[in-house]
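# Structural description and commentary
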Amino acid sequence: MEIDFTLDNIAEAAEKFIDATGGKGIYLFEGEMGAGKTTFIAEVCKQLGADDDFGSPTFSLVNEYLDAKGNPIFHFDLYRIDSPQEVFDMGAIDYFESGALCLVEWPDRLGPLTPEDAKTVNIAVNPDGSRKISF
């Protein structure tokens, strides 16, 4: 599925993503720096009812939010990770096996720890500055 969006209609794009995915699973967000991965993930969390100050968990590696029903949502930013061992040491496997929605930025850092059931989500910048999400 592909969805084009801008900041003006990002809420609608996030709703479409949630409808298509059921708001469950492990999603690996790929895209160049500045493509809008963190912004889109924050909007997905917001549309699921999370009431937090969203941002990139770059310095904490993972942020936990609660959706409107009290279910956890885990948002990973692995940009500063140097090896899959660091991912293992932070307990990522436990997060992935929890059944909670997991949204992972910079998933290439997972290496062999990439869950088999994870789905890739690509965000690309269109020539006009809008974004295209493909999953």
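To start, this report covers the structure provided alongside it. (Residues numbered from 1 in each chain as written. Predicted model: local features only at pLDDT ≥ 70, side-chain atom pairs only at ≥ 80, totals over all residues. Heavy atoms only, no water.)

### Some details on the pairing of strand S6 (residues 119-125)
We apply this condition: At least two bridges found by DSSP between two strands are what make those strands a pair. Going along the chain from the N terminus, every DSSP run of H or I of four or more residues is numbered as a helix, and every run of E of two or more is numbered as a strand.
Of the strand pairs in this sheet, strand S2 (residues 26-30) and S6 are connected by four bridges, and their pairing is parallel. Paired with Phe29 across the bridge in S6 is Val121. Where S6 and strand S7 (residues 131-134) come together, four bridges link them in antiparallel fashion. Each bridged residue has a counterpart across the sheet, and for Ala124 the counterpart in S7 is Lys132. Linkage of S6 to S7, two consecutive antiparallel strands, is achieved through a turn of five residues, within which Gly129 is found at a positive phi near 95°.

### Things to note about the environment of Ala35
We count it as follows: Buried residues are those whose accessible area, probed at 1.4 Å on protein chains only, stays under 20% of the maximum for their type, while exposed residues exceed 50% and partly exposed ones sit between those limits.
With respect to the helices and strands, the residue Ala35 is situated in the loop between S2 and helix H2 (37-47). Classification of Ala35 by relative accessible area gives buried; the value is 0%. Counting along the chain gives 98 residues from Ala35 to Ile133, while the straight-line C-alpha distance between them is 9.9 Å.

### Let's talk about the sheet that holds strand S4 (residues 72-77)
Two strands in a sheet stick together by hydrogen bonds in their backbones, pointing the same way (parallel) or opposite ways (antiparallel). Where we set the bar: Between N-to-C directions, angles span 0 to 180 degrees; the directions come from axes that are lines fitted to C-alpha atoms, helices contributing only their stretch in contact. Throughout, a residue-residue contact means that at least one pair of heavy atoms, one from each residue, lies within 4.5 Å.
Spatial ordering of the open sheet is given by S1-S7-S6-S2-S5-S4-S3, a layout of seven strands whose pairing is mixed. Of all the strands in the sheet, just strand S1 (2-5) and strand S3 (62-66) have a single pairing partner and so form its edges. Averaged over all pairs of adjacent strands, the angle between their axes in this sheet comes to 20°, without regard to strand direction. Note that S3 and S4 share five bridges and pair antiparallel. The residue bridging Glu64 from the neighbouring strand is Phe74, located in S4. Its contacts with the sheet place helix H1 (residues 10-21) against S1, S2, S6 and S7, and it is angled at close to 165° to S1. Helix-sheet contacts for H2 involve S1, S2, S3, S4, strand S5 (101-105), S6 and S7, and the interaxial angle to S5 is about 165°.

### Some words on the nonpolar core
Our working definition: Only buried residues count toward a nonpolar core. Its members are Ala, Val, Leu, Ile, Met, Phe, Trp, Tyr and Cys residues joined through side-chain atoms within 4.5 Å.
Within the largest apolar cluster, 23 residues are counted, with the highest numbers of intra-cluster contacts made by Phe17, Phe29, Phe40, Val44, Leu103 and Ile133. When contributions to this core are tallied by element, the ones reaching two or more residues are S1, H1, S2, H2, S5 and S6. Among the elements that make up this core, the one with the highest residue count is H1 (five residues). Discounting chain neighbours no more than four positions away, the residues touching Phe40 are Phe5, Ile10, Ala13, Ala14, Phe17, Phe29, Ile123 and Ile133. The next biggest cluster of nonpolar side chains, apart from the first, holds 17 residues, and it includes Ile26, Leu61, Phe76 and Trp106.

### Describing the pattern of salt bridges
To keep things clear, this is the line we draw: A pairing counts as a salt bridge when a side-chain nitrogen of Lys or Arg comes within 4 Å of a carboxyl oxygen of Asp or Glu.
Across all of its chains, the model carries four salt bridges by this definition. The residue Lys16 makes a salt bridge to Glu12 at a minimum N-O spacing of 3.4 Å. With Lys16 and Glu12 both in helix H1 and four residues apart, this pair spans about one turn of that helix. Here Asp108 makes a salt bridge to Arg109, at a shortest N to O gap of 3.1 Å. Looking at Arg109, the relative accessible area reads 21%, which means it is partly exposed.

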